[in-house]
Amino acid sequence: MPLILITFIIVFLIVAYVTRRGTDTRACRWRKNASRDKGNLQYYRCAACGAEEYTDAKGPPQDCKSKVTSRPL
Ligand SMILES: [Zn+2]
């Protein structure tokens, strides 16, 4: 039955998409928001996964923090 094969391929693609989306931290696109800075801490928000991070270093964070802390509501 080709229907079973098609179903299997679709499920595989969905699983691969979700898994890749969760592990590929390099896809993060940090965007600075100066209006939410706290003193020396610069506020960045990931446009890809929605993670929020404060950093005192120059430039955006290296890692995606979405897996470290629970996602904000
Ligand atoms: Zn991210």
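Above: the structure in question.
Here is what the cut-offs are and how they apply
Residues numbered from 1 in each chain as written. Predicted model: local features only at pLDDT ≥ 70, side-chain atom pairs only at ≥ 80, totals over all residues. Helix = DSSP H or I, 4+ residues; strand = E, 2+ residues; numbered from the N terminus. Buried ≥ 20, exposed ≤ 12 C-beta atoms within 10 Å, placed from the backbone. Contact = placed C-beta atoms within 7 Å. Pairing = 2+ DSSP bridges. Core = buried A, V, L, I, M, F, W, Y, C linked by C-beta atoms within 7 Å. Axes fitted to C-alpha atoms, helices over the stretch in contact; angles between N-to-C directions.

### Here's the deal with the overall build of the protein
Thought 1: Looking only at helices and strands, the protein has one helix and three strands in total.
Thought 2: Along the chain direction, N to C, the helices and strands of the protein fall in the order α-β-β-β.
Thought 3: Out of the 73 residues belonging to the protein, those deemed buried represent 11%.
Thought 4: Within the protein, counting contacts between residues at least 6 apart in sequence, those at least 24 apart form 10% of the total.

### Here's the deal with the pairing of strand β2 (residues 42-46)
Thought 1: Here β2 shows a buried face lined by Gln 42, Tyr 44 and Cys 46 and an unburied face lined by Tyr 43 and Arg 45.
Thought 2: Alignment of β2 against strand β3 (residues 52-55), held across four bridges, turns out to be antiparallel. Pairing of Arg 45 across the sheet is with Glu 52, part of β3.
Thought 3: Taken together, β2 and the strand that follows it, β3, pair antiparallel across an intervening segment of five residues, in which Gly 50 is found at a positive phi of about 85 degrees.

### Focus on the nonpolar core
Thought 1: Counting residues in hydrophobic clusters, the biggest one holds six residues: Cys 28, Trp 30, Tyr 44, Cys 46, Ala 51 and Cys 64.
Thought 2: Setting aside anything within four residues of it in sequence, one finds Tyr 44 in contact with Trp 30, Arg 31, Lys 32, Glu 53, Thr 55, Pro 60 and Pro 61.

### Points about the sheet that holds strand β1 (residues 30-32)
Thought 1: Spatially, β1-β2-β3 is the arrangement adopted by the three strands of the open sheet, whose pairing is antiparallel. Two strands lie at the open edges of the sheet, namely β1 and β3, each paired on one side alone. Going across the sheet, the axis of each strand differs from the next one's by a mean of 35 degrees, ignoring polarity.
Thought 2: Note that β1 and β2 share three bridges and pair antiparallel. Its bridge partner being in β2, Lys 32 is matched across the sheet by Tyr 44.

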